[in-house]
Amino acid sequence: MTVHLHEEDLPEGVLASGPVAVDTETMGLITPRDRLCLLQISDGGGDEHLVRFAPDSSFDAPNLKAVLGDSGRLKLYHFARFDLAAIQHYMNVTASPVFCTKIASKLVRTYTDRHGLKELVREMLGKDISKQQQSSDWGAPELTDAQQEYAASDVRYLHSLHDKFRIRLEREGRSEIAQACFDFLPTRARLDLAGWAEHDIFSHEST
Ligand code: MN
């Protein structure tokens, strides 16, 4: 198990075929304001790849874009809505098809309101991940070892969670509605970027 740090793009051919786990780190929560600093990706084989973007990056990352834009390759996220918007805005790629562990959790773990990644990894995989570096300076010229380890751990367990959630969704008869939600997520991300982030267009409220 190794964490690989790359600048501006993924080297060619480092990922095995099949689903990839994807996460992003940004300067904050407002996507057009807070730049994309890091994209983490893993094929589930034990290694994590971190791709760092400079403050003036053109996000011209052909190898990474080819993987993210490959409609034949499933992308696993935790809270895909945010990552999809950041990737769409900065890289101009719709990184689908999507499986989101947060949506899956909300659909099957109806006995709790705790749907954070740390909680899912703890309950479903019996492992402990630290969230200490979550709010740190991802735009710094050098990422600390703690930041790199945190960033890698955010994609490390998504394949295992995907396996568990597929079984749980099937058991509860919610696979189909989950898939419909996942299919809508790129559109939800586009609505966020287009100014409807705080407004639910399905709500009866007119605002
Ligand atoms: Mn993360």
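That block above? That's the structure.
Reading the values: rules and limits
Sequence order sets the numbering: in each chain, residues are counted from 1 along the sequence as written. Note on the predicted model: pLDDT of at least 70 is required for a residue's local features to be given, and 80 or more for side-chain atom pairs to be given and counted; whole-chain, interface and lining totals, by contrast, use all residues. Just so you know, side-chain values use all the structure's heavy atoms and leave hydrogens and water out. Nonpolar cores were defined as sets of buried Ala, Val, Leu, Ile, Met, Phe, Trp, Tyr and Cys residues, with membership established by side-chain atoms within 4.5 Å. Buried, partly exposed and exposed residues are distinguished by accessible area as a fraction of the type maximum, computed with a 1.4 Å probe on protein chains only: under 20%, between the cut-offs, and over 50%, respectively. Each helix is a run of DSSP H or I of at least 4 residues and each strand a run of E of at least 2, with the numbering of both proceeding from the N terminus. Residue contacts are defined here by distance: any two heavy atoms, one from each residue, within 4.5 Å place the two residues in contact. At least two bridges found by DSSP between two strands is the condition for calling them paired. For every element, the axis is a line fit to its C-alpha atoms; helices are fit only across the contacting stretch, and the angle between N-to-C directions ranges from 0 to 180 degrees.

**Regarding the nonpolar core**
Grouped together as the largest cluster of nonpolar side chains are 46 residues, with contacts concentrated most on Leu39, Ile41, Phe53, Leu64, Leu68, Ile87 and Met91. Looking at this core, the element that brings in the most residues is helix 2 (residues 80–91), giving six residues. Excluding residues within four positions of it along the chain, Ile41 makes contact with Leu10, Leu15, Val20, Ala21, Val22, Glu48, His49, Leu64, Val67, Leu68 and Val155. In this structure, Leu50, Trp138, Ala151 and Ala152 belong to the second largest nonpolar core, which totals eight residues.

**Re the sheet that holds strand 2 (residues 20–26)**
The six strands are arranged 1-4-3-2-5-6 in an open sheet whose pairing can be described as mixed. The open sheet has two edge strands with one neighbour each: strand 1 (3–7) and strand 6 (98–100). Ignoring strand direction, the axes of neighbouring strands in this sheet form an average angle of 25°. Of the pairings in the sheet, the one linking strand 3 (residues 36–42) to strand 4 (residues 48–52) comprises four bridges and is antiparallel in character. Among the inter-strand pairings, Ile41 is bridged to a residue of strand 4, identified as His49.

**Thoughts on the side chain of Thr31**
As for its placement among the helices and strands, Thr31 is situated in the loop between strand 2 and strand 3. Residue classification places Thr31 among the buried residues on the basis of a relative accessible area of 9%. Every residue in contact with Thr31, bar those within four places of it in the chain, is listed here: Phe82, Ala85, Ala86, His89, Tyr90 and Leu193.

**A closer look at the environment of Phe59**
The residue Phe59 is located in the loop between strand 4 and helix 1 (62–68) in this model. A relative accessible area of 7% places Phe59 in the buried class. The sequence separation of Phe59 and Asp70 amounts to eleven residues, and the corresponding C-alpha distance is 17 Å. Residues contacting Phe59, with those up to four places away along its chain left out, are Leu36, Phe53, Lys65, Tyr90 and Met91.

**Structural notes on the pairing of strand 4**
With five of its five residues buried, strand 4 lies for the most part within the structure. In strand 4, alternate side chains face the same way, and those of Glu48, Leu50 and Arg52 on one face and His49 and Val51 on the other are all buried. One ladder, built from five bridges, connects strand 1 with strand 4; its direction is parallel. Bridging from a neighbouring strand, Leu5 pairs with Leu50 of strand 4. Between strand 3 and strand 4, which pair antiparallel in sequence order, lie five residues; one of them, Gly44, sits at a positive phi of approximately 85°.

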